[in-house]
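# Descriptive analysis of the structure
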Amino acid sequence: MCGICGQFNFARNEPVEPETIRRMTDSIRHRGPDDEGYLISGPLGLGFRRLSIIDLAGGHQPMSDVEETVWVIFNGEIYNYRELRAELRSKGHEFRTNSDTEVIIHGYKEWGAEVLNHLNGMFGLAIWDVKKQRLVVARDAMGIKLIYYRITNGQLTFGSEIRPILAAQDSKPEVNPDALNLFLRFRYTPSPLTIFQGIRKLPPGTMLVVERGGCREERWYNYTPVPFSNPKEDKEATEELLELYRSAVRRHLLSDVPVGILLSGGLDSGLLLGLMNEQGGPWPAFTVGYGEIFEDDELADAKETAAVLGAVHVPVKLDQAEFERSLPKIVECLEEPIASSSIVPMYFVSQRARQDVKVALIGQGPDELFGGYKRHLGVHYGDWWRWLPTVFRSSVGFAVDRLPRNETLKRGVSSLGTLDRMKRYQDVFSLAPARIIDGLFRDDTLPRRNGDELVDYWRGLIPQMAHTDELGGFQLLEIRSSLPDELLMYADKLSMAHSLEVRVPYLDRTVVEYVQRLGAGFKIRNGSRKWLHRRVCERYLPSRILKRKKRGFAVNVVDDWFHSSLTSELQEVLLDESSLMFGLLNPKPVRRLLESHQSGRQDNHKVLFSLVMIEQWLRRVCLATKIQNPQSAGVTPCSKALR
């Protein structure tokens, strides 16, 4: 586990500056405090910071074969590296280390870029083929690890974070108004965009191939789920899923350093702990809590789960004063704005876990795989709604639209009536209609738009949805978009801010690809969500745990803190026309959003929270990247860079 970065002058063939590569690498020191390494070869420079997890003595990077014809820098873990190692040895390859990194080298020599399809793991990596003068930069299939990049004037600059790219370039960063628009609609910035103009992130399962003076982006992961030819019986599916879970957890526990678990009071992490116990223990289990005065606090629930399953429970208590003090730092760690209260508990539980372990397993994934959110019910039963007569749907839609607040219900009724599948999915994801978000921007700030920008980015995934039902198609987009670009993004950034490696067993490729072949009836049945996953949970958890309310690190407590601490700031930020966001946004429609929310006519808290977070991010990034401009002639700080 580490941070990687590099620069390749692929068109100009000019030598890279070693000082630039060192500056880039130093910017991600927090990701790898144990070791560093460099490869400088003419127009190519690679940098590496290491957090030692497997083969502590022999995993130094950049790593090459004996002949030094193939070099690799690699951030992540390959969970099937032992099997691949044995296969490659049988083909005559000789290994010098016990590191999973070396498997990538010999796998590339055997299969070329197709090696990526042999890897079961999480990774952001770069492979330098000396003979072909080819650079391959890739992100794993599920997007657990990130790759950011910038191409300008025949030069590729890339890294595990945005920091190395900013450290390498002389020009000051600018905010991308298209990306800001999508952030305000979805509360995260979907791949391939980032909030910065000219800086992109590789979508999950894609790669950059740089050779012969050009650079192209390709999708290397093209798995197309096809329903099982013989429909699964309930018992059969339950047993098969359990065995896939067991194998995935066994692989994810491979480590030469201490391992723990981030434990909430819910089902997913509880089952994960039960599966871990089959491989050893007792395991340290870390939970965020806020005190008994909060009804939603889950320290007691997690403590009970840990006691039932024999874990060593480690509570992490957080108060509102500490939350408010730390929020600017958390925003800075993320590099891109994320309007989710879950970022706060993730930061603090990672900070505490790192004191005892270097690796922690988390229970992310079953909600997306098995339909754990309310929106999945709407998507699943949407066909019934569209089957109803148009006049009936119009009457209900009109009545719902007249309700005060209830914006979630209004969006749901409106979006599920959309006939175009991809547009319908986009509308379900949206916090507000495109016309509302577009109307927040100053005139001529945005290019001519049709409101379907995210759909355009998803077009390449349509072939993979050829055999999915309505719910399965929506979930495929979740796994390729909101899960990696929001939830997994902040999990990676906030854990690695403390040099903690976080692993996600439920997103093992074998698990995801199996579940994608199951019909919606195994996910939602008689209105019950995560049906098959719950059948497996019943093997490990008592009924009182199975019946608990979903809390997810008690983010409702943090929501209350956000609202109380931002009450005055909402007034200041959203009404003050000198706020940095108004370099791109129009104060009048923003003020109208706030007024309609305060009057009780609408519930706009999600969009308002996103606006406050973008302002906090702008203020923090202005300090961190030094893009602040002197205030003159009515130009507010940062507004020149924003435009």
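Residues numbered from 1 in each chain as written. Predicted model: local features only at pLDDT ≥ 70, side-chain atom pairs only at ≥ 80, totals over all residues. Heavy atoms only, no water.

### Some details on the overall build of the protein
The secondary structure content of the protein amounts to 27 helices and 19 strands. Looking at the protein as a whole, 62% of its 643 residues are labelled buried. Once local pairs closer than 6 in sequence are excluded, the contacts in the protein between residues at least 24 apart make up 73%. Just so you have it, the protein exposes about 25,000 Å², and 49% of that area is on carbon and sulfur atoms. (Helix = DSSP H or I, 4+ residues; strand = E, 2+ residues; numbered from the N terminus. Buried < 20%, exposed > 50% of the residue type's maximum accessible area, 1.4 Å probe, protein only. Contact = heavy atoms within 4.5 Å. Areas by Shrake-Rupley, 256 points an atom, 1.4 Å probe, with all protein chains shown as cover.)

### Quick word on helix H25 (residues 587–599)
At 3.6 residues per turn, the α-helix brings residues three or four places apart onto the same side. Across its 13 residues, H25 extends 18 Å between first and last C-alpha, which sits within 8% of the 18 Å expected from 1.5 Å per residue. The set of residues buried in H25 consists of Pro587, Pro589, Val590, Leu593, Leu594, Ser596 and His597. Sitting at the amino-terminal end of H25 is Asn586, which places a side-chain oxygen 3.1 Å from the backbone nitrogen of Lys588. Looking one or two places after H25, you find Gly600, whose phi comes out positive at around 90°. (Expected span 1.5 Å × (residues − 1). Polar contact = N/O pair within 3.5 Å; in protein donor to acceptor, adjacent residues only side chain to side chain.)

### Here's the deal with the pairing of strand S1 (residues 2–8)
In terms of burial, S1 is largely enclosed, as seven of its seven residues are buried. On S1, burial covers both faces: Cys2, Ile4, Gly6 and Phe8 on one face and Gly3, Cys5 and Gln7 on the other are all buried. For S1 and strand S9 (residues 155–159), the ladder comprises four bridges, and the chain directions are antiparallel. Bridge pairing in S9 places Phe8 opposite Leu156. (Pairing = 2+ DSSP bridges.)

### Structural notes on the packing of helix H16 (residues 421–429) against helix H19 (residues 470–480)
Here H16 crosses H19 at 60°, and the two axes come no closer than 11 Å. Between H16 and H19, the crossing angle belongs to the class labelled oblique. Classified by chirality, the crossing of H19 by H16 is right-handed. Every residue of H19 that contacts H16 at Arg421, Met422, Arg424, Tyr425, Val428 and Phe429 is listed here: Glu470, Gly473, Phe474, Leu477 and Glu478. Residues of the contact of H16 with H19, tallied by class, amount to six nonpolar, one polar and four charged. (Axes fitted to C-alpha atoms, helices over the stretch in contact; angles between N-to-C directions. Parallel < 35°, antiparallel > 145°, perpendicular 65-115°, else oblique. Left-handed = near helix turned anticlockwise from the far one by under 90°. Nonpolar A, V, L, I, M, F, W, Y, C, P; charged D, E, K, R; others polar.)

### A short note on the pairing of strand S2 (residues 35–41)
Inspection of the sheet shows S2 paired to strand S3 (residues 44–50) by seven bridges, in the antiparallel sense. Note on S3: the bridge partner recorded for Glu36 is Arg49. Taking the residues between adjacent antiparallel strands as the criterion, S2 and S3 are bridged by two residues, where Gly42 takes a positive phi near 60°.

### Thoughts on the environment of Thr20
The residue Thr20 is located in helix H1 (residues 18–26) in this model. Of the residues examined, Thr20 reaches a relative accessible area of 6% and is grouped as buried. Sequence separation of Thr20 and Gly45 is 25 residues, and the distance between their C-alpha atoms is 8.9 Å.

### Considering the side chain of Arg31
Relative to the helices and strands, Arg31 is located in the loop between H1 and S2. For Arg31, a relative accessible area of 0% translates into the label buried. Within polar-contact distance, the side chain of Arg31 engages the side chain of Asp492 at 3.1 Å.

### Structural notes on the sheet that holds strand S11 (residues 206–211)
Paired through their backbone hydrogen bonds, the strands of a sheet run either parallel or antiparallel. The strand order across the open sheet built from six strands is S4-S5-S6-S7-S11-S12, with neighbouring strands paired in antiparallel fashion. At either end of the open sheet lies a strand with only one pairing partner, and these are strand S4 (63–64) and strand S12 (214–219). Pairing geometry for strand S7 (residues 134–139) and S11, over four bridges, is antiparallel. Counted as the bridge partner of Val137 is Leu208 from S11.

### Looking at the pattern of salt bridges
Once their charged atoms are close, side chains differing in charge can pair, the charge on each being opposite to the other. Here the structure, examined in full by the defined rule, presents 40 salt bridges. Between Glu218 and Arg216 there is a salt bridge; the shortest N-O distance is 2.4 Å. Here Glu218 falls in the partly exposed class, since its relative accessible area comes to 29%. For Glu332, the salt bridge goes to Arg620, with nearest N and O atoms at 2.8 Å. Of this pair, Glu332 sits in helix H9 (residues 320–334) while Arg620 is found in helix H26 (residues 605–625), placing the two residues 288 residues apart along the sequence. Overall, Glu332 belongs to the partly exposed group, its relative accessible area being 25%. In this structure Arg620 comes out as partly exposed when scored by relative accessible area, which is 28%. Here the salt bridges do not stand alone but share partners, grouping Arg31, Lys145, Glu161, Arg163, Glu335, Asp492 and Lys493 into one network. (Salt bridge = Lys/Arg side-chain N within 4 Å of Asp/Glu carboxyl O.)

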